[in-house]
Amino acid sequence: MRPLIRTVSSRGSRRRFRAVAAIAIAASLLAASACGGDSGGGANADGEVTLRFNWWGSDTRHKITQEVIDSFQKEHPKIKIKGEYGEWSGYWDKLATTVAANDAPDIIQMDEKYLREYADRGALLDLKKADGLSTDKFEPDTLGAGEFDGGLYGLNAGINAFTIVANPAVFKAAGVPMPDDKTWTWDQYTQIAAQITTKLNGKGWGTGAYGTNDASLNMWARQHGQSLFTKDGKLGVTPEGVTEFYTNLLKMRDAKATPTAEFTSQDMNAPLDQGGMATGKLAMSYSWSNQLNALSKASGQQLKLLRLPSVSGKATENGAYYKGSMFWSISSRSKHPKEAAEFVNYLANSTAAGNLLLAERGVPPNTEIRAEVAPKLKPADAASHAFIQEIVKELGEPSPPPPVGGGQVEKIIQRYTTEVLFGRQKPDQAAKAFIDEVNGEIK
Amino acid sequence: MSALSELGTLRRKKPPGHKRGPGGGAGKKATKDNLAAYLFLTPWLIGLFVITIGPMLASLYLAFTDYNLIQAPEWIGLENFTRMLSDERLHNSLRVTFTYVLVSVPLQLALALLLAVVLDRGVRGMAFYRSIFYLPSLLGSSVAIAILWKQVFGTEGLLNQLLAQVGIEGKGWISDPSTALGTLVALNVWTFGAPMVIFLAGLRQIPAMYYEAAAVDGAGSWRRFRSITLPMLTPIIFFNLVLQIIHAFQSFTQAFVVSGGTGGPSDSTMFYTLYLYDRGFGNFDMGYASAMAWFLLVIIAVLTAANFVASKYWVFYDD
Amino acid sequence: MTTETIGRTLPASRSTAYGWKRVKPLLIHGALAAAALVMLYPVIWMVVSSLRPGDEIFREPGILIRDLQISNYRVGWNALTEPFTRYLLNSAAVVFGAILGNLVSCSMAAYAFARLEFAGKKFWFAIMLVTIMLPIHVVIVPQYILFSQAGWINTFLPLVVPKLLATDAFFVFLMVQFIRGIPRELDEAARIDGCSKTGIFLRVILPLMVPALATTTIFTFIWTWNDFFSQLIYLTDPKMYTVPVALRSFVDATASTNWGSMFAMSVVSLVPVFLAFLLGQRFLVKGIATTGIK
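Quick caveat: nothing in here was measured; it's all calculated off a predicted structure.

Each value, and the rule that gives it
- The numbers attached to residues start from 1 for each chain and follow its sequence in the written order.
- Following the order in which they are written, the chains are lettered starting with A and the ligands numbered starting with 1.
- The predicted nature of this model means local features are confined to residues of pLDDT at least 70 and side-chain atom pairs, given and counted, to a pLDDT of 80 or more, with totals for whole chains, interfaces and linings taken over all residues.
- Hydrogen atoms and water are omitted, and side-chain values are computed over all heavy atoms in the structure.
- Think of it this way: any DSSP run of H or I at least four residues long counts as a helix, any run of E at least two long counts as a strand, and we number them from the N terminus.
- Partly exposed residues are those whose accessible area sits between 20% and 50% of the maximum for their type, while under 20% is buried and over 50% is exposed, using a 1.4 Å probe and protein chains only.
- The contact criterion used is simple: two residues touch if any of their non-hydrogen atoms lie within 4.5 Å.
- Buried surface area refers to the total accessible area, computed with a probe of radius 1.4 Å, that the two partners give up upon joining, counted for both partners together.
- Here a salt bridge means any side-chain nitrogen of Lys or Arg lying within 4 Å of a carboxyl oxygen belonging to Asp or Glu.
- Throughout this description, a polar contact denotes any pair of N or O atoms lying within 3.5 Å of each other; where both atoms belong to protein, one of them has to be capable of donating a hydrogen while the other can accept it, and for residues adjacent in sequence the pair is counted only when both atoms sit in side chains.
- The angle between two axes is taken between their N-to-C directions and runs from 0 to 180 degrees, where each axis is a line fitted to C-alpha atoms and a helix contributes only its stretch in contact.
- Between 65 and 115 degrees an angle is taken as roughly perpendicular, under 35 as roughly parallel, over 145 as roughly antiparallel, and anywhere else as oblique.
- Following the grouping adopted for this structure description, the nonpolar residues are Ala, Val, Leu, Ile, Met, Phe, Trp, Tyr, Cys and Pro, the charged ones are Asp, Glu, Lys and Arg, and the polar ones are all others, Gly among them.
- The span one expects for a helix is its residue count, reduced by one, times 1.5 Å.
- Between any two strands, at least two bridges found by DSSP are needed for them to pair.
- Every patch collects residues that have over 30% relative accessible area and no salt bridge, joining them within 9 Å if they carry like charges and within 5 Å if they are nonpolar side chains (Val, Leu, Ile, Met, Phe, Trp, Tyr).
- Using a 1.4 Å probe, accessible areas were evaluated by the Shrake-Rupley method; residue-level cover was limited to the displayed protein chains.
- Place the viewer so that the strands point away; then a crossover is right-handed whenever the path from the first strand over the helix to the second strand goes clockwise.
- As a per-residue measure, pLDDT reflects the predictor's confidence and takes values from 0 up to 100.
- Pairs were defined over the aromatic rings of Phe, Tyr and Trp, the Trp ring being its six-membered one, requiring ring centres within 6.5 Å. Orientation was assigned from the angle between planes: stacked under 30 degrees, edge-to-face over 60, tilted for the rest.
- Only lysine NZ and arginine CZ atoms are considered, and such an atom sits over a ring when it is within 6 Å of the ring centre and within 35 degrees of the ring normal.
- Computed over the protein atoms alone on a 1 Å grid, cavities are sets of points where a 1.4 Å probe fits but cannot get out and pockets are open sets with protein on both sides within 12 Å along at least five of seven lines; a residue lines them when it has an atom within 4 Å of a point.
- Grid points are joined across faces, edges and corners, and a volume is the space filled by probe spheres set on the points.

Chemist: What is the right way to look at the overall build of chain A in this model?
Modeler: When its secondary structure is counted, chain A shows 18 helices and 13 strands. When burial is assessed residue by residue, chain A has 63% of its 443 residues classed as buried. Of all intrachain contacts in chain A linking residues separated by at least 6 positions in sequence, the fraction that spans at least 24 positions is 75%.

As structure tokens, then:
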């Protein structure tokens, strides 16, 4: 690329420009992408600064976030924030396109999946170097997820933990008591789930299947002394580990603890409120803690969070960690990093914002804000907040964010889980293929 | 001579039309029309050079680079193309796409033709039915489609409820890798509105005198369809065929929406463009995605050209 | 109408014909109604869901409503940061511009391709066909860069200006086919009367292809109204969002979605296109029939 860009922009390029006119059009477009452009929002004469702020979510989040923007602008009349929102998949298409065109928004709501994808390529600002952004009040374990290579590229916007969510009503219908999640093992968990399936007699199943996202494999790996990804951005699981993961999955399926392959396959990409948990088909399933409210609302039941079972029956060894439900990032090409940092600081550390956002993006990682908003939470959010507090003593090390290319792992694991459940591949075949493919994707 | 065999003569008796149309060749007037022609083409040419060609050539250039959207592209020669040779998911997506094109295009066109023929009758309320049958096509790529489709083909969808009525146990049609593609074919067939309308128009254009001649001959309705309707409709069938094939090869939205962007279950609905999108935007590998796009362009271009060549043998033009 | 003519001229060849003739329309109606019901099941389900309380939508099977309520429409209309009216108006503006652009520019290009002889015609025609063969996903980034250099992001210009420049090759191709169906003798007659090329285009071709223009109008309406990707990419300010972009803003796969509102607004957004089709289908059918696609 470099020579072509120079051809177009340097002095002696005119002849060649004419010769390859058409290609040059293309190249000049790319040159534009590589060497700067107008990223919108500048400062005008009276020092007013305009920032663009992007997030994904549903209509509730759009409204609440707009209220936060309004309240920030009231306090900072010189800073104007333009909110831009959309749904998940379109959000990432748009972000990639705007970053490619050097037209990225200043403040970006970021996900763990894509954090390193952007940060490693220099698109995000190191927040440690940002003026006026404080993380003093943050729970220490919550910063690690956005930290790598010595920089902080994403500030945790809400704490999440991977859990089992249980529907007490289905347990009751099956006449099975709620388990003690502090001591249960995978075998006990399988037994309980199988028992529920039997008692429900075709009306539902004990638990959803795992392997429908990367978190479940990561938790499994952490329980076995591994980790899905290592700190230096490599794959941290072995073929044997993944084989065992899938063998246990089949074992649970054969014990009728989990639903049919068809059900699982349909469930893994169903929107949260159409999944087996929301429709009351499952007594238990895997979920992120911050989805408790949405799941409860969708199912019409007060659902309950449980710890994941472990191999040893000790909750401290079940691999739990605090994940960032999402992150705040700042574009490295922002013209106003100081003001952007000020706004992120407001989002993370001001009680005014905290009181508006509550647990919309997960339990606040800022302990002071958390204490402040705790009494105001809706019952389900209060429950997930209590759960997050409860497991703090059991946490392991934070899990390193996926390396560049690691964002694809969720789709890959879904695919191999489907292959295994439908009996199209044996666990060891799938494990090997999974590892080969992930290694091919990681850069 | 029977009326039917006379048809051929009838057709040939029509006044000879000018040799015309695109590719009709530059005649004597060639120089004369140049100025006017290019004036008329000016907006299109500006659009072509400023808006269309630039990005197209950019993507062609990118096909030879490693480009992750964030950093400047790096020239890597043919590497993207050689990688395509050994990319099994790409081969799978080609299989899926070809299967889809081969099955859904004929089915969709056949259904569109059948309904067009039925709706062409002078029965009352046909305008109403036409609108009803067009309605699903309006939904097109709406997000709601994914949910609606689950209401039909999901484990508890309409289809399984109907099957249960006759004592057959259904399955998760969308979630089973062996049937998921079938539901997308059904989805495509379901939205047959556009080709149906074009067929209807084509039917209206067949001169009534042919049918009258056939009636004198005592031809039954099947015979009339075979000997008049079908041959007279071949230009329209060809038109729909070409467009629907191009369209089906680029099919993206429906699979994207129904599978939640994954092309699942198990890559069974991973269309070529879906995989291309996945590489480009999901995996930040826009160089490879561009290479894939140009490979698809070549496939479509070759097939379209072949279609045009083959049309000489089965498409009947009235001029 | 063809079939009616046949009906009248065909002698009733069988003795049962009379009875059959009375039964047959009934059978056809029955079959069509059944087919329509199957075809419409998902649409009906959507309308029904828009009238149900949000939490019942996925728990109640079937399409029977027990508790009809229209609150989804009221809530959905104001669920986003702007009232839904705004999105409808934005979409209408884009649709209007796109229709105008396609009508003017595509008909001009089509006239040149169909009627004028010029150097490089074959070449340009092939180029035009090729431009519809490349998937949009690889040109969107360079195109975005182009428009952002022009300062057009977050305006309707990237959605409308390309139409003014006939980049929708599909319609050029369609109109070429239409114009080919217009007898050339008419051009000749006009030429002898002293009409220039422009005169022929304006006085002969355009009036004769009014049905083709109607076809273009309707298809442009429907496709632009439903187009999601480019509208998503180019419009950033929620005040500028169009209907499809707004509709997707209801959906969040990772949390709960207000499905009731989403379905209600989907139904609302379906109304204009359905009306457009209802009004236009007469022209559509007549249009192609009178000029002909070859």
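Once the structure has been displayed, the description carries forward.
Chemist: What exactly am I supposed to notice about the interface of chain C and chain A here?
Modeler: Across the boundary between the two partners, chain C contributes 36 residues, which contact 38 residues of chain A. The junction of chain C with chain A conceals about 3,200 Å² of combined surface from both sides, 59% of it contributed by carbon and sulfur atoms. Across the chain C-chain A interface, the total number found is zero salt bridges. Taken together, the connections running from chain C to chain A amount to seven residue pairs in polar contact (both at pLDDT 80 or more).

Chemist: Hey, could you run me through the packing of helix H4 (residues 84-115) of chain C against helix H10 (residues 197-208) of chain C in this one?
Modeler: Residues and elements named next belong to chain C. For the pair H4 and H10, interaxial distance at closest approach is 11 Å and the crossing angle is 105°. For the element pair H4 / H10, the angle class is roughly perpendicular. Touching Ser-107, Met-108, Tyr-111 and Arg-115 of H4 are Lys-197, Ile-200, Phe-201, Ile-205 and Leu-206, all from H10. Within the contact of H4 with H10, the residues separate by chemical class into six nonpolar, one polar and two charged.

Chemist: Quick question: what am I supposed to make of unusual backbone geometry here?
Modeler: The phi angle of most residues is negative, glycine excepted, and most peptide bonds adopt the trans form. Of note, Leu-358 of chain A is a non-glycine position whose phi angle comes to about 50°, a positive value. Here Leu-358 of chain A is to be found in the loop between helix H14 (351-357) and helix H15 (367-373). Phi angles above zero are rare outside glycine, and Ser-266 of chain B is one such case at about 60°. By the secondary structure assignment, Ser-266 of chain B is in the loop between helix H12 (253-258) and helix H13 (272-282).

Chemist: Can you walk me through helix H5 (residues 88-100) of chain A in this structure?
Modeler: One full turn of an α-helix is made of 3.6 residues, so residues set three or four places apart face in the same direction. Residues and elements named next belong to chain A. The terminal C-alpha atoms of H5 lie 19 Å apart, and with 13 residues this matches the ideal 18 Å at 1.5 Å per residue to within 8%. When you tally the buried positions in H5, you get twelve out of 13 residues, the bulk of the element. Here H5 has its buried residues at Ser-89, Gly-90, Tyr-91, Trp-92, Asp-93, Lys-94, Leu-95, Ala-96, Thr-97, Thr-98, Val-99 and Ala-100.

Chemist: Even after reading the chapter, I still don't get the sheet that holds strand S11 (residues 304-306) of chain A, so can you show me in this structure?
Modeler: Where strands meet in a sheet, backbone hydrogen bonds hold them as pairs that are either parallel or antiparallel. All names here are of chain A. Spatial ordering of the open sheet is given by S9-S10-S8-S11, a layout of four strands whose pairing is mixed. Looking along the sheet, the strands with just one partner apiece sit at the ends: strand S9 (205-207) and S11. Taken pair by pair, the neighbouring strands of this sheet meet at an average axis angle of 35°, ignoring direction. Across five bridges, the pairing between strand S8 (residues 162-166) and strand S10 (residues 282-288) is antiparallel. Of the residues in S10, the one forming a bridge with Phe-162 is Trp-288.

Chemist: Can you help me understand a nonpolar patch on the surface in this one?
Modeler: There is a patch of nonpolar side chains on the surface, built from Phe-98, Leu-102, Val-103, Leu-107 and Leu-303 of chain B and spanning about 420 Å² of accessible area. Per-element accounting of the nonpolar patch gives the leading share, four residues, to helix H4 (residues 88-119) of chain B.

Chemist: Would you explain the pairing of strand S1 (residues 49-56) of chain A in this entry?
Modeler: On a regular strand, each side chain points to the face opposite its neighbour's, so the side chains alternate between the two faces of the sheet. Residue and element names in this part refer to chain A. The buried count for S1 comes to eight of eight residues, which makes it a mostly enclosed element. Along S1, one buried face is formed by Val-49, Leu-51, Phe-53 and Trp-55 and the opposite face, lined by Thr-50, Arg-52, Asn-54 and Trp-56, is buried too. As paired strands, S1 and strand S2 (residues 79-86) are joined by eight bridges and run parallel to one another. Its bridge partner being in S2, Asn-54 is matched across the sheet by Glu-84. For the segment spanning S1, helix H4 (residues 59-75) and S2, crossover handedness is right-handed. For S1 and strand S3 (residues 107-110), the ladder comprises two bridges, and the chain directions are parallel. Residue pairing in the sheet places Asn-54 in a bridge with Ile-108 of S3.

Chemist: Can you walk me through the interface of chain B and chain C in this structure?
Modeler: Each partner contributes residues to the interface: chain B has 101 residues there, and chain C has 95 residues. Between chain B and chain C, roughly 9,300 Å² of surface is buried when both sides are summed, and carbon and sulfur atoms account for 76% of that area. When the area that chain B buries against chain C is broken down by residue, the three leading residues are Phe-40, Trp-44 and Leu-138 of chain B, summing to 9%. For the interface between chain B and chain C, the tally reads one salt bridge. Our count for the contact surface shared by chain B and chain C stands at twelve residue pairs in polar contact (both at pLDDT 80 or more). Looking at the side of chain B that touches chain C element by element, the count peaks at 23 residues for helix H2 (residues 30-62) of chain B. When its residues are assigned to classes, the side of chain B that touches chain C shows 72 nonpolar, 19 polar and ten charged.

Chemist: Before we go on, may I ask you to explain the environment of Ala-213 of chain B in this structure?
Modeler: Residue and element names in this part refer to chain B. With respect to the helices and strands, Ala-213 occurs in helix H10 (residues 208-216). The buried category is assigned to Ala-213, whose relative accessible area is 19%. Ala-213 sits 165 residues away from Leu-48 along the chain, and the two C-alpha atoms are 49 Å apart.

Chemist: Is there a simple way to explain the confidence of the model for chain A in this structure?
Modeler: The predicted coordinates should not be examined in detail at positions where pLDDT is low. This prediction gives chain A a mean pLDDT of 87; 90% of its residues lie at or above 70. Between residues 1-41 of chain A, whose pLDDT stays under 50, and residues either more than four places distant or in other chains, the model counts 61 contacts.

Chemist: Which parts of the structure should I look at to understand the environment of Gly-47 of chain A?
Modeler: Residues and elements named next belong to chain A. Positionally, Gly-47 belongs in the loop between helix H3 (21-34) and S1. Note on Gly-47: relative accessible area 36%, which makes it partly exposed. A sequence separation of 290 residues divides Gly-47 from Pro-337, and the C-alpha atoms of the two residues are 15 Å apart.

Chemist: Before we go on, may I ask you to explain the pattern of salt bridges in this structure?
Modeler: Pairs can form between side chains of opposite charge whenever their charged atoms are close. As enumerated under the stated definition, the model contains 36 salt bridges over all chains in all. Two residues, Lys-163 of chain C and Asp-168 of chain C, come together in a salt bridge whose shortest N-O distance is 3.1 Å. Among the residues examined, Asp-168 of chain C registers a relative accessible area of 22% and is labelled partly exposed. Beyond isolated ion pairs, a larger network of salt bridges with shared partners links Asp-181, Arg-307, Glu-390 and Glu-394 of chain A.

Chemist: Would you take a moment to explain the packing of aromatic side chains for this structure?
Modeler: The way to describe two aromatic rings as a pair is by their centre distance and the angle between their planes. In this structure the tally under the stated criterion is 72 aromatic pairs over all chains. With a centroid separation of 5.4 Å and an interplanar angle of 55°, the aromatic rings of Phe-245 of chain A and Tyr-246 of chain A are classed as tilted. With respect to class, Phe-245 of chain A is no different from Tyr-246 of chain A; both count as buried. For the ring pair Phe-49 of chain B and Trp-124 of chain C, a centre distance of 6.0 Å and an interplane angle of 80° mean the geometry is edge-to-face. Residue Phe-49 of chain B is found in helix H2, and its partner Trp-124 of chain C is found in helix H5 (residues 121-131); the two belong to separate chains. Each member of the aromatic cluster is reached from another via a ring pair, and the members are Phe-162, Trp-184, Trp-186, Tyr-189, Tyr-210, Trp-220, Phe-245, Tyr-246, Tyr-286 and Trp-288 of chain A. The side chain of Lys-323 of chain A reaches across the aromatic face of Trp-288 of chain A, ending 4.6 Å from its centre.

Chemist: So what exactly am I meant to see when it comes to empty space enclosed by the protein here?
Modeler: Where empty space is left can be seen by rolling a probe of water-molecule size over the atoms. As enumerated under the stated definition, the model contains eleven cavities of 30 Å³ or more in all. In this structure, the second largest cavity encloses a volume near 190 Å³. Lining of the second largest cavity is provided by 16 residues; of these, Ser-142 of chain B together with Asn-226, Pro-244, Leu-247 and Ser-269 of chain C occupy positions nearest its centre. The element contributing the most residues to the lining of the second largest cavity is helix H13 (residues 243-248) of chain C, with four residues. When the residues that make up the lining of the second largest cavity are grouped by side-chain class, the tally is ten nonpolar, five polar and one charged.

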